Amino acid sequence: MSSTMHKSPPNKSQKLIVQKFGGSSMGSIERIQNVARRAVKTASEGHQVVVVVSAMQGETDRLLKLAAGVSSRPADREIDVLLATGEQVSIALLALAIRELGFQARSFLGHQVEIRTDSMHGSARIRSIKADPVHECLQNGEIVVIAGFQGVDQHGNITTLGRGGSDLSAVAMAAALKADACEIYSDVDGIYTTDPNVYAKARKIPRIGSEEMLELASLGAKVLQTRSVEFALKYKVTLHCRSSFSDGEGSWVVPEMSGLEGAEMKGLEGAVVTAVSCDKNIAKLTIVGMADKPGAAARLFAPMADAGINIDVIIQNPPENGRTDVTFTVPRNAADRAVALIEGLQDELGFVRCSLDKRLAKVSVVGAGMVSQPGVAQRTFAALGDAGINIVLVSTSEIKISCVVEDQFADAAVRVLHDKFELEKT
Ligand code: ADP
Ligand code: ASP
Ligand code: MG
């Protein structure tokens, strides 16, 4: 069989292209065959192709549910062993589908291409990648298929990189291989002014700077995983976000823009707000009646920092009778763990109770052009107020304003803000 297989034809302008296909592109056998055709098309144009894939759509959630069925507090190490199987299925099926089209393909798990990480199970950081086995296969004309989202720590344990982490695997692979292009395929044909599945008036952004994209991603625009954008910025990898269902050009995420282009992107031509993001993975914790003494806040947050739980908006009320309330947000999927850690400190910190609200979302307006433009916060609050949407918490930086609202109003808030800043217009 392999003797009849095609190899990439020689091409003087041969490029090394990393293509990433996520769950949204790998939802069924037909979709996997579609991915195979795309990889083969690129290879038949004479390019070297490395495909990074995620688990089939819904598979990672399904595996997590299985774990919850057998354990109330599953060990992080075993969860990673379990979750990594999702991507193992994908790489094998895709390699088979590519071979069926008459092209040579070889699949690799994370540890087989030595994606080395630290030992932080569930949110491991990539330390190094050994590109040699991949280069070897590419030189033999094979399409290389790599499992995203997973790596291996120094003790040989399987690790995973955090939800949506295949984007990071692809960007890191592109950097390690010094690829000419890194294409991130999904079910949308680019990066929009807001999630096009939430608001049909969203407009495609043809080019966006990585710093602005980093802000958008970290505020919930899951079209790119936050750490993948961070990595792309650091290692100067240009990303092309495009659709796995059409051939058109997508959106480019460029590491740095200078001169006129940079100035335009930063809003000197008038665009103050670039996009609206929404994060529905939010929960609010309030520690009621905490002793108002030096070091208390540091003690409160230490166990969560050790557990890798990200704290976001923090508010401390003015003290009364030597006691204060501290409110902050955490990712909703880490909220129960955060509560357990905090309750462990109750005797030491002497607070009255820890209350939890999971029915919240964070809606943010983002734009590098905000730095020099006063009034964006006022317009944001006015738009939400006029729509009868109550703001629970606010946080701001130079280039974003985030409002925590009840999650039942999140989509409406996105649409109201998109209209207020006229983002449908170019
Ligand atoms: P994959 O499974 O391929 O990794 P994701 O579901 O993670 O794909 O990302 C694609 C989704 O990102 C889209 O379906 C869209 O709903 C969502 N999304 C959120 N914000 C944006 C945005 N600003 N632009 C485009 N897509 C967005
Ligand atoms: N399969 C993993 C997840 O669902 C990784 C990814 O999709 O990028 O989070
Ligand atoms: Mg994704």
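Our structure's up above, just so we're on the same page.
Just so we're clear, the structure is a prediction, and the values are computed from it rather than from any experiment.

S.K.: Can you help me understand the pattern of salt bridges in this one?
M.R.: Tallying each qualifying case throughout the model produces 18 salt bridges. Residue Asp 189 is joined to Lys 204 by a salt bridge in which the shortest nitrogen-to-oxygen separation is 3.8 Å. Of this pair, Asp 189 sits in the loop between β9 (181–186) and β10 (207–209) while Lys 204 is found in the loop between β9 and β10, placing the two residues 15 residues apart along the sequence. Residue Asp 189 is classed as partly exposed on the basis of its relative accessible area, which comes to 27%. Across the pair Lys 280 and Asp 411 runs a salt bridge, and its minimum N-O distance is 2.7 Å. Of the two residues, Lys 280 sits in strand β13 (residues 275–291) while Asp 411 sits in helix α13 (residues 410–420), which places them 131 residues apart along the sequence.

S.K.: Looking at this structure, I do not really get the site of ligand 2. What am I missing?
M.R.: Neighbouring ligand 2 are the residues Ser 54, Ala 55, Thr 60, Glu 87, Phe 149, Arg 163, Gly 164, Gly 165 and Ser 166. Taking Gly 164, its main chain carries an N or O atom lying 2.8 Å from an oxygen atom of ligand 2. A distance of 3.3 Å separates an oxygen atom of ligand 2 from a polar atom in the backbone of Gly 165.

S.K.: Would you explain the site of ligand 1 in this entry?
M.R.: The environment of ligand 1 is formed by 18 residues, the closest being Ser 24, Asp 187, Tyr 192, Asp 195 and Asn 197. Between ligand 1 and Asp 187, the relevant distance is 2.7 Å, taken from an oxygen atom to a side-chain nitrogen or oxygen of the residue. Contact with the protein chains removes 89% of the 570 Å² of surface that ligand 1 exposes when unbound.

S.K.: Would you mind showing me how to read the pairing of strand β6 (residues 143–147) here?
M.R.: Regular strands have side chains that alternate between both faces of the sheet. Of all five residues in β6, five are buried; the element is thus mostly enclosed. Residues Ile 143, Val 145 and Ala 147 of β6 are buried on one face, and the alternating residues Val 144 and Ile 146, pointing to the opposite face, are buried as well. With four bridges joining them, strand β2 (residues 48–53) and β6 adopt parallel strand pairing. Bridge pairing in β6 links Val 51 to Val 145. The pairing of strand β3 (residues 105–108) with β6 spans four bridges and is classified as parallel. Counted as the bridge partner of Ser 107 is Val 145 from β6.

S.K.: Before we go on, may I ask you to explain the nonpolar core in this structure?
M.R.: Side chains of a nonpolar character, in soluble globular proteins, are inclined to be buried together. Formed by 44 residues in total, the largest nonpolar core has its most connected members in Val 18, Val 50, Ile 146, Cys 182, Met 213 and Leu 224. A per-element tally of this core places helix α5 (residues 166–177) first, with seven residues. Not counting the four nearest positions on each side in its chain, Leu 224 is found in contact with Asp 167, Ile 184, Ile 191, Met 213, Ala 217, Val 229, Leu 239, Cys 241 and Val 253. The next biggest cluster of nonpolar side chains, apart from the first, holds 23 residues, and it includes Val 40, Ala 95, Ala 97 and Tyr 185.

S.K.: Help me understand the environment of Glu 45, please; the structure alone is not making it clear to me.
M.R.: Counting through the fold element by element, Glu 45 comes out in the loop between α1 (29–44) and β2. Look at Glu 45 and you get partly exposed, because its relative accessible area is 42%. On a C-alpha basis, the gap between Glu 45 and Lys 15 in space is 9.7 Å, while along the polypeptide they are 30 residues apart.

S.K.: Even after reading the chapter, I still don't get unusual backbone geometry, so can you show me in this structure?
M.R.: Excluding glycine, residues mostly have negative phi values, and the peptide bonds linking residues are mostly trans. Although it is not a glycine, Phe 149 sits at a positive phi angle of roughly 75°. For Phe 149, the location among the structural elements is in the loop between β6 and β7 (150–152). The exposure class assigned to Phe 149 is buried, which follows from its relative accessible area of 3%. At Glu 422, a position not held by glycine, the phi torsion is positive, near 50°. Its place among the elements puts Glu 422 in the segment after α13.

S.K.: Would you mind showing me how to read the packing of α1 against helix α3 (residues 76–100) here?
M.R.: Each packed pair of helices is defined by two parameters, the angle between the axes and the distance between the axes. In the contact formed by α1 and α3, the axes pass within 9 Å of each other and the chain directions differ by 60°. When the interaxial angle is binned, α1 and α3 end up oblique. Handedness of the crossing formed by α1 with α3: right-handed. Along its contact with α1, which presents Ile 29, Ile 32, Val 35, Ala 36, Ala 39 and Val 40, the element α3 presents Leu 93, Leu 94, Ala 97 and Ile 98. Split by residue class, the contact of α1 with α3 holds ten nonpolar, no polar and no charged.

S.K.: Would you take a moment to explain the side chain of Thr 286 for this structure?
M.R.: Assignment of secondary structure puts Thr 286 in strand β13. Polar side-chain contacts of Thr 286 include one of 3.2 Å to the side chain of Thr 327. Not counting residues within four places of it along the chain, the set of residues in contact with Thr 286 comprises Asp 325, Val 326, Thr 327, Arg 353, Cys 354 and Ser 355.

S.K.: Just to check I follow, could you spell out the sheet that holds β6 for this structure?
M.R.: Backbone-to-backbone hydrogen bonds join strands into a sheet, with any given pair of strands oriented parallel or antiparallel. Taken in spatial order, the eight strands of this open sheet run β3-β6-β2-β1-β9-β11-β12-β10, and their pairing is mixed. Looking at which strands have only one partner, the edges of the open sheet turn out to be β3 and β10. Averaged over all pairs of adjacent strands, the angle between strand axes in this sheet comes to 20°, irrespective of strand direction. Both β10 and strand β12 (residues 251–254) contribute to a ladder of three bridges, which runs parallel. Bridge assignment links Gly 209 to a residue of β12, and that residue is Val 254. The strands that α1 touches are β1 (16–21), β2, β6, β9 and β11 (239–243); relative to β1, the one it contacts most, it runs at about 170°. Against the sheet, α5 engages β1, β2, β6, β9 and β11, with an angle of about 175° to β1.

Scoring rules and cut-offs
Residues numbered from 1 in each chain as written. Chains lettered and ligands numbered in written order. Predicted model: local features only at pLDDT ≥ 70, side-chain atom pairs only at ≥ 80, totals over all residues. Heavy atoms only, no water. Salt bridge = Lys/Arg side-chain N within 4 Å of Asp/Glu carboxyl O. Helix = DSSP H or I, 4+ residues; strand = E, 2+ residues; numbered from the N terminus. Buried < 20%, exposed > 50% of the residue type's maximum accessible area, 1.4 Å probe, protein only. Near = heavy atom within 4 Å. Polar contact = N/O pair within 3.5 Å; in protein donor to acceptor, adjacent residues only side chain to side chain. Areas by Shrake-Rupley, 256 points an atom, 1.4 Å probe, with all protein chains shown as cover. Pairing = 2+ DSSP bridges. Core = buried A, V, L, I, M, F, W, Y, C linked by side-chain atoms within 4.5 Å. Contact = heavy atoms within 4.5 Å. Axes fitted to C-alpha atoms, helices over the stretch in contact; angles between N-to-C directions. Parallel < 35°, antiparallel > 145°, perpendicular 65-115°, else oblique. Left-handed = near helix turned anticlockwise from the far one by under 90°. Nonpolar A, V, L, I, M, F, W, Y, C, P; charged D, E, K, R; others polar.

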